[in-house]
Amino acid sequence: MKSTKSFLLLAAAFAIPVSITAQARLPVLRIDGKENPDVYLQSLDIQVEVTGSIASTRHTMVFKNRSANILEGELTFPLPDGR
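Cut-off values and rules
- Residues numbered from 1 in each chain as written.
- Predicted model: local features only at pLDDT ≥ 70, side-chain atom pairs only at ≥ 80, totals over all residues.
- Heavy atoms only, no water.
- Helix = DSSP H or I, 4+ residues; strand = E, 2+ residues; numbered from the N terminus.
- Buried < 20%, exposed > 50% of the residue type's maximum accessible area, 1.4 Å probe, protein only.
- Areas by Shrake-Rupley, 256 points an atom, 1.4 Å probe, with all protein chains shown as cover.
- Pairing = 2+ DSSP bridges.

Visitor: Tell me about the overall build of the protein, residues and numbers included.
Guide: Scanning the protein for helices and strands turns up two helices and six strands. When its helices and strands are written in sequence order, the protein yields β-α-α-β-β-β-β-β. Within the protein, the fraction of its 83 residues that count as buried is 8%. Total accessible area computed for the protein in this model is approximately 6700 Å², and 55% of it derives from carbon and sulfur atoms.

Next up, the structure:
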């Protein structure tokens, strides 16, 4: 049996609050070693596919650059301890 659910729907189906389950923090994008308010995470879509006892997750992140410059940075995607 194969199904695809969004993370929020999957957590809701088990009646466990997402904040307790994932304790997720937003990804951080640093440019030249610091956060830049001109570049921010515009949207984050998390898809979870469960097949038997295996879960695969896909994260699609869209960033917005309000500056006129092409920028390069480092993305940190924090996970809770033990993950």
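We are not done yet, so read on.
Visitor: Can you tell me about the pairing of strand 2 (residues 28-31), naming the residues and giving the values?
Guide: Sheet topology note: the strand 2/strand 6 (residues 74-76) ladder contains three bridges and is antiparallel. Residue pairing across strands places Val 28 opposite Thr 76, the latter belonging to strand 6. Of the pairings in the sheet, the one linking strand 2 to strand 3 (residues 34-35) comprises two bridges and is antiparallel in character. Counterpart to Arg 30 in the pairing with strand 3 is Glu 35. Connecting strand 2 to the antiparallel partner strand 3 that follows it, the hairpin turn spans two residues, and Asp 32 within it adopts a positive phi of roughly 55°.

Visitor: Quick rundown of the sheet that holds strand 2? Include the residues and the values.
Guide: The strand order across the open sheet formed by three strands is 3-2-6, and the pairing between neighbours is antiparallel. Sheet topology places strand 3 and strand 6 at the edges, where each strand pairs with a single neighbour.

Visitor: How would you summarise the pairing of strand 5 (residues 54-65) if you had to cite specific residues and measurements?
Guide: Both faces of the sheet carry side chains from a regular strand, because those side chains alternate between them. The pairing of strand 4 (residues 39-51) with strand 5 spans 12 bridges and is antiparallel. By the bridge assignment for strand 5, Glu 49 is matched with Ser 56.

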